[in-house]
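Summary of structural features
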Amino acid sequence: MSDSTMPSQSGTSSIPPFRYSARLAADIESRWQDAWDAQGTFHAPNPAGPLKDAVAVGNRPKAFILDMFPYPSGAGLHVGHPLGYIGTDVFARFKRMQGYNVLHALGYDSFGLPAEQHAITTGIHPRVNTESNIANMRRQLRRLGLGHDPRRSVSTTDESFYKWTQWIFLQIHGAWYDTETERARPIADLIAAFENGDRPTPDGRAWSALSAGERHDIIDDHRLAYLSNAPVNWCPGLGTILANEEVTAEGRSDIGNYPVFKRNMRQWMMRITSYADRLLDDLDRLDWPEPIKLMQRNWIGRSDGARVSFSTSAGDIEVFTTRPDTLFGATFMVLSPEHPLVDALTTADQRTQVAAYQAEAAAKADNERQDDSQKKTGVFTGAMATNPVTGTDIPIYIADYVLMGYGTGAIMAVPSGDQRDFAFARAYNLPIVATQMPPASWFDARSIAPSADCSTWPEAFVGDGEYINSTNDSISLNGLTSIVDAKSRMNAWLAQHNLGEPTTTYRLRDWLFSRQRYWGEPFPIVYDEDGRAYAVPTQALPVLLPELADFKPTALSPDDATSDPVPPLARVTDWTRVTLDLGDGPREYRREVNVMPQWAGSCWYEMRYLDPTNSEVFIDHEVERYWMGPEHEGHTGGVDLYVGGVEHAVLHLLYARFWHKVLHDLGHVSSEEPFHRLFNQGYIQAYAYRDARGQTVPATEVEESGDNYTWQGETVIREYGKMGKSLKNIVTPDEMYEEFGADTFRLYEMAMGPLDASRPWNTRDVVGMQRFLQRLWRNIIDEYTGDSIVVDDASPEELVRHLNRTIVGVEDDFAHLRFNTAIAKLIEFNNALTQHVSAHKTSPISLVEPLVQMLSPLCPHLADELWFRLGHDSTVTYVPFPVADPSKLIEDTIEVPVQINGKVRARITVAPTASIEEHLELALALEPIIAALDGKTPLKTIVVPGRTVNLVVK
RNA sequence: GCCCGAGUGGCGGAAUGGCAGACGCGACGGACUCAAAAUCCGUUGUUCGUAAGGACGUGUGGGUUCAAGUCCCACCUCGGGCACCA
């Protein structure tokens, strides 16, 4: 397909005209990229649907290899961005050579806050901005030679894409969670159950006795997507509310770092908490890094405990506790300031103080409430509750360390067994009663005498200890030593007396799903005059995002907690008013003016890669089953390899799992999980330099001498961090293409370390990979003539063995994503080949061909060029990976170290099949060993054949 | 505070409990060259020794083992997650 490469143009230079230079690489690369495009080299056939090609699918195994898709930033790429893309590309190309039907594609997450914030700062419409950014990213990534199927590159902002995002929203909206079968079911099933009386209505009236509006409200209360008047995270700086996951521990926005305030607002929520158990339990069936699983487990935060009822003048109050076994030590009770019974409980003389405390707590932002974590504040309500096991009256306080959003918003306080309760009891002089006797070591460690009077303790005791003070007429825990036993005995007693039951609570909250922004998917929802929500019929999808000249949110002061969100779509009055026939004739409705959050598109995009042009369904069943279906009974199904950064551990990865499970329950997909195997790539970091004033200086202009760094003669200080504009340390792929070419750049990124580790970028080191490729090129092509030096001669036995060793090692390394060590093995082999070539001036084809094949996943352009020059007329992409000859893997002899007391003193050379006796015989005959033994007989001899001989003396 | 992960030459990093430092960068020496670049060859953990050779060496301290970078315990440092979650 190609003409022979033009000689180098650099007239004055004495560099050989056909050297593998950046110029030559650029020429090779652009020609092969065009050829791949023209021939559709990376098109992956589907078994059904619009991209069906059953013949091409054949009976090959399949591999769906996926990158976390990027949002198209206007800043362009730096060399850190493509790390994961190169990794998946190498792996995908390797799998193709192993005979797999490989699906590898990349789309764009182009809705959402980052794109919109960028549009606002530049003043350019997000659609224009987004499209030019995507075009630029496509250009930069194409230059990298990624083997993507271009037909499958979707953007979340495409109307043909977000139509289905809205459709999936309607599926979720049209479903409820059946706790009996533990899965989502269509809302029609719920209506049927109400109608035929299988399920009672909340107030017990017959379903037919309810008004249409009442029925509507009851149904809406069960939906997986529902409207809620709940405390939300209001961020005036961004003009929108945010999900819990988008708020940092400091109470600021993840994006932009603006203050976030708690506000009550009517918003769309997703009932992700219904799936808490399955999201937690199914982690066990996923091939994910353990730390990521742990982060999700912590985020879901399941804790098993019990609900216990305490009677009060205002009725029973339920508390949640993980330690029902310590109920005898509950000496007071604390409610959240927002608890609904606070008003009813508060006595007249405490009312002023309680109201003041409530107002103070409400005014505090979340972070302030968490800040003074040591100091406990609170107010007595004046009311008392009855401890159900002791029968004593205990005071009821309100305090802001009890959160309304967790458990029941009320706790029983056991100061002897809980550090926070202990601090509160100390601060307000409340009684402390021990229910467990700490072990002697506990007292020793705190230098206090064992004493039953726990008011002298310096802190609460948490752990296993003998139960004391825990008895009444009908139950006794005294003498027990195990928390588990005490809990089950107490739980049984509570159940028997109808005072409580075991229960489970979660840290996970329902997912807040509306944003008061412009650049997102409109909700397919309309409201009637009573404010009741209705789904837009699916045939009316997509609900198009109206074009807006002024897309900016109304300017708000970031610190003004009292401001209200004004969604940009609310200003488009001719769009918000719509006449629809929802079954009872045409009526006027108003549209939902919020939009979906950034995460919506990324919850399901990977499935659209599979069937990107299907206009009938979001994905064909058979296509989904083929690429993502479970491999066997108990397998979750899902993407075969998903590579991305760890920053999505709880956001994207949790939301996408949730949506996928809903779609599975409703029968739309066969897989239970979206991503079966997850791999977290590391980050490429970089050095940055600051001068004496703390200003960053351009990293490329800094000169290094030993430990000193100078910029324009001035000493600067080196720091290590992310690559970024503000640190003036960006290196772009374009610079690498210019200086070395894409193949060298790919190779360097893969060689610099293991894929999951972060490491510093060092442009200086790239030359090593270029030299390797130049040597390899020179082993095939004469640099002065451009002719091949490959011959059909026999290869020396030693090189044949080396080649076969390399094939086995490289294949294993590729399969386990250990590209850095695979490259090292290729370099070693090529170095050995170089020796042969310098001696003979020719290269045996039987060595060179496999080398080019093994190189091709890493450096596909160069490999295709060399493959072509070796006389083949098609790409090496689908040529099977070389297979090692087992007979060439066995060495004639092996060198084995001989140790005395674990220290290597000599080496023996043995046959690979040598017995233990042969090893010993040879070892004991060695001069240095005889000398070292000095006539002594070894007490013990250890021989690991082929590995080591160890002699133990004296 | 709790929970993860990681500490190996000047640098990036290799090492199924079995010869620590593969491979690459840098540095040093040599060949080629009038010279330089490029290329090729060699050396390069520290230390004692003219050498042969020896001693020490994977954050620190202890332990298990014939044998530990690797396994166990405690600690230090760095990175990350969670953080009044009852």
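Preceding this paragraph is the structure being described.
Below, the structure is looked at part by part. On a predicted model such as this, the values are computed, not experimentally measured, just so you know.

Note: strands within a sheet are paired through backbone hydrogen bonds, in either parallel or antiparallel orientation. Ordered by their spatial adjacency, four strands build an open sheet running 33-32-35-34, and the pairing between neighbours is mixed. Lying at the two open borders of the sheet, with one neighbouring strand each, are strand 33 (903-910) and strand 34 (940-944). Across the sheet, the axes of successive neighbouring strands diverge by a mean angle of 20°, strand direction being ignored.

This part covers the side chain of glutamine 166. Inspection of the secondary structure assignment puts glutamine 166 in helix 6 (residues 159-173). Within the structure, the side chain of glutamine 166 is placed 2.9 Å from the backbone oxygen of proline 522, a separation counted as a polar contact. Apart from residues no more than four positions distant in its own chain, glutamine 166 is found in contact with Pro522, Pro524, Leu541, Pro542, Val543 and Met596.

At a minimum axis separation of 11 Å, helix 25 (residues 797-815) and helix 27 (residues 845-855) run at an interaxial angle of 10°. Between helix 25 and helix 27, the crossing angle belongs to the class labelled roughly parallel. In the crossing of helix 25 with helix 27, the sense of the turn from one axis to the other is left-handed. Across the interface between the two elements, Leu799, Val800, Leu803, Thr806, Ile807, Val810 and Phe814 from helix 25 touch Ser846, Leu847, Pro850 and Met854 from helix 27. Broken down by class, the residue content of the contact of helix 25 with helix 27 amounts to nine nonpolar, two polar and no charged.

In this structure, Phe169, Trp511, Phe513, Phe618 and Trp659 are the most contacted members of the largest nonpolar core, which totals 95 residues. With sequence-adjacent residues up to four places away left out, phenylalanine 618 is seen in contact with Trp164, Trp167, Ile168, Trp604, Met607, Arg608, Asp611, Leu663, His668 and Val669. In terms of nonpolar packing, the next biggest core, distinct from the first, is built from 89 residues, Leu24, Ala35, Ala742 and Leu799 among them.

Moving on: unusual backbone geometry. Note the cis peptide between leucine 541 and proline 542, where omega equals 0°. Inspection of the secondary structure puts proline 542 in the loop between strand 19 (533-535) and helix 17 (573-576). Positive phi, normally seen in glycine, also occurs at asparagine 901, with a value near 55°.

It is worth spelling out the protein's contact with RNA strand B at this point. Contacts to RNA strand B come from 56 residues, most closely from Arg19, Thr322, Lys376, Arg420 and Arg507. Counted by atom, the contact set of RNA strand B within 4 Å of the protein is 62% sugar and phosphate. In this structure, lysine 903 approaches RNA strand B through a side-chain N or O atom, which is 3.3 Å from a phosphate oxygen. Here a base oxygen of RNA strand B and a side-chain polar atom of arginine 907 are 2.6 Å apart. Counting residues per element, the surface near RNA strand B draws most heavily on helix 26 (residues 819-840), which supplies seven residues. Residues that form the surface near RNA strand B fall into these classes: 21 nonpolar, 15 polar and 20 charged.

The subject of this paragraph is the side chain of glutamate 849. Looking at where glutamate 849 falls in the secondary structure, it is placed in helix 27. Within the buried core, glutamate 849 has no salt-bridge partner, and the shortest N-O distance to an opposite charge, that of arginine 869, equals 13 Å.

What counts and what doesn't
- Residues numbered from 1 in each chain as written.
- Chains lettered and ligands numbered in written order.
- Predicted model: local features only at pLDDT ≥ 70, side-chain atom pairs only at ≥ 80, totals over all residues.
- Heavy atoms only, no water.
- Pairing = 2+ DSSP bridges.
- Helix = DSSP H or I, 4+ residues; strand = E, 2+ residues; numbered from the N terminus.
- Axes fitted to C-alpha atoms, helices over the stretch in contact; angles between N-to-C directions.
- Polar contact = N/O pair within 3.5 Å; in protein donor to acceptor, adjacent residues only side chain to side chain.
- Contact = heavy atoms within 4.5 Å.
- Parallel < 35°, antiparallel > 145°, perpendicular 65-115°, else oblique.
- Left-handed = near helix turned anticlockwise from the far one by under 90°.
- Nonpolar A, V, L, I, M, F, W, Y, C, P; charged D, E, K, R; others polar.
- Core = buried A, V, L, I, M, F, W, Y, C linked by side-chain atoms within 4.5 Å.
- Buried < 20%, exposed > 50% of the residue type's maximum accessible area, 1.4 Å probe, protein only.
- Near = heavy atom within 4 Å.
- Lys, Arg positive; Asp, Glu negative; His and termini not counted.
- Salt bridge = Lys/Arg side-chain N within 4 Å of Asp/Glu carboxyl O.

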